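Survey of secondary and tertiary structure
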Amino acid sequence: MHAHFVRHVFHPHSHDAYSFAVTEAGAQRFTCRGAGHTSAAGMVMAFNPDDPHDGESAVDLGFTYRIMHIGPDVVRDVLDDVTDGRGAMPLFAQPVVDDPVLARALRRLHPALVGAADPLVREERLGAAVEAMVRRTATRGAGQAGPRELTGGAQTRAARRVRDLLRAAYAQPLTAQDLADAAGCSRFALYRAFRTAYGMSPSDYQRLLRLRHARTLLIGGRPASEAATEAGFADQAHFHRWFVRCFGITPGAFRRAAAVGGA
C-alpha cells in the first residue's frame, strides 16, 4: 500500500506476515512491544509476524508511507536460496530502523510488487530486499550463515549459461528459477555471478536485449506500440520510459530520425 494519512488512527492490530514500511514524508508514531516509537521521513518500520501495533500521524501535515507485507514462507524461500537452508528465520528487535540502504531496497521493491513488473525484476528486487532486511537489521537470521558463492570457473560458466538463455528467450517472461536451473546453481549465486561477469543484473540485461530488438524494429519502420509488444515489454509506457533512459530519445523520435536517415 502507498498512502498518505493525516487524521486516521490505526487501532491496535497485527499481521500474519512480516511488514515493512518506508516513511516518505512527515512522521508516524506508534506503540509496539510496550514502547512508543516514531518513524520520520527516510526511516523503516519493521514488524515481525503477530507484532501488535497501532499508529497515527506525529505531525500536523500527516505522513506518507509505503508498506509491504511479506509472508514467512516467502522469506523462508529467499533465505534458503541465499544460505542453502542454513539461515534461521529473522527476528527484528527494533520496530524503527534508520538505514538508507534498506529504505532504498524497499522503495524499489514496492512498485515491482504492486505493478505489472516482469517476473525477473520482481524476484530480483524481492531477494535483494529480504537479504538487506535480514543482514542489516535482524537479530538472528541469514546473517549468521554466510551465502554459498560460486568460485572461479563455475561462476563464469553459470553466468555464460544465463547470458545465452537470455539472448535466446529475452522476450519471454523468464523467472529467476528458470535462470538458476539453466546455470545449475541457486538464484542468489547466479545473481552474484552474473553481476560479476557482466556488470548488471540478469533483469537489466534482459531489458537491454529487448530494447535493442525494439530499436531494430523501429529502424525497420514498425510503430512503437508493435515494437514494444514484440520485444516483450509489458506496455508501451514501460517501453517508452526505458528507451529514453537508455538512448536519450523517445521511440517515436528515433523512428522518425531513422526514416529520414534511410530516405
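Look a little higher up for the structure.
Criteria and cut-off values
- Residues numbered from 1 in each chain as written.
- Predicted model: local features only at pLDDT ≥ 70, side-chain atom pairs only at ≥ 80, totals over all residues.
- Heavy atoms only, no water.
- Helix = DSSP H or I, 4+ residues; strand = E, 2+ residues; numbered from the N terminus.
- Buried < 20%, exposed > 50% of the residue type's maximum accessible area, 1.4 Å probe, protein only.
- Contact = heavy atoms within 4.5 Å.
- Lys, Arg positive; Asp, Glu negative; His and termini not counted.
- Charge placed at Lys NZ, Arg CZ, Asp CG, Glu CD.
- 1 Å grid on protein atoms, 1.4 Å probe; cavity = no way out; pocket = protein on both sides within 12 Å on 5 of 7 lines; lining within 4 Å.
- Points joined across faces, edges and corners; volume = space filled by probe spheres on them.
- Core = buried A, V, L, I, M, F, W, Y, C linked by side-chain atoms within 4.5 Å.
- Salt bridge = Lys/Arg side-chain N within 4 Å of Asp/Glu carboxyl O.

Attention now moves to the overall build of the chain. Scanning the chain from N- to C-terminus turns up 10 helices and 8 strands. When the backbone C-alpha atoms are referred to their principal axes, the chain occupies close to 70 × 45 × 25 Å. Within the chain, the fraction of its 263 residues that count as buried is 43%. For the chain, contacts bridging at least 24 residues in sequence account for 70% of all contacts bridging at least 6. Across the chain, the mean location of the 32 positive side-chain charges is 8 Å away from that of the 26 negative side-chain charges.

Another aspect to go through is the layout of surface pockets. What the largest pocket holds in volume is close to 900 Å³. Lining the largest pocket we find 35 residues, and of these Glu124, Arg125, Gly127, Ala128 and Tyr191 sit closest to its centre. Taken together, the elements giving at least two residues each to the lining of the largest pocket come down to α1 (72–83), α2 (100–114), α3 (119–137), α5 (176–183), α6 (187–198) and α7 (202–219). The element that contributes the greatest number of residues to the lining of the largest pocket is α3, accounting for 12 residues. Looking at the second largest pocket, its volume works out to about 340 Å³. Looking at the second largest pocket, it is lined by 16 residues, and the ones nearest its centre are Ala117, Arg125, His238, Arg241 and Trp242. Those elements giving two or more residues to the lining of the second largest pocket turn out to be α2, α3 and α9 (236–247).

To continue, consider the nonpolar core. Membership of the largest hydrophobic core comes to 24 residues, with the highest contact counts inside it found for Phe20, Ile70, Leu106, Val130 and Met133. Going through the elements one at a time, β3 (18–32), β5 (44–47), β7 (63–70), α1, α2 and α3 are the ones with two or more residues in this core. A per-element tally of this core places α3 first, with 6 residues. Core analysis: the second largest hydrophobic core is formed by 17 residues, Ala169, Ala176, Ala183 and Tyr205 among them.

Time to look at the pattern of salt bridges. Evaluated as defined, the whole model comprises 12 salt bridges. With its nearest N and O atoms 3.3 Å apart, the salt bridge here joins glutamate 56 to arginine 29. With glutamate 56 in strand β6 (residues 53–57) and arginine 29 in strand β3, this residue pair connects regions lying 27 residues apart in the sequence. Here arginine 29 falls in the partly exposed class, since its relative accessible area comes to 38%. The salt bridge partner of glutamate 131 is arginine 192, with a shortest N-O separation of 3.1 Å. Residue glutamate 131 is located in helix α3, and its partner arginine 192 is located in helix α6; the two are separated by 61 residues in the primary sequence. Each of Glu131, Arg135 and Arg192 takes part in a single network of salt bridges with overlapping partners.

The next thing to look at is the environment of leucine 217. Checked against the element boundaries, leucine 217 lands in helix α7. Judged by its relative accessible area of 10%, leucine 217 falls in the buried class. A sequence separation of 10 residues divides leucine 217 from alanine 227, and the C-alpha atoms of the two residues are 5.8 Å apart. Once residues within four sequence positions are removed from consideration, leucine 217 is found in contact with Arg222, Ala227 and Glu230.

Note that all results are geometric; they support no functional claim without further evidence.
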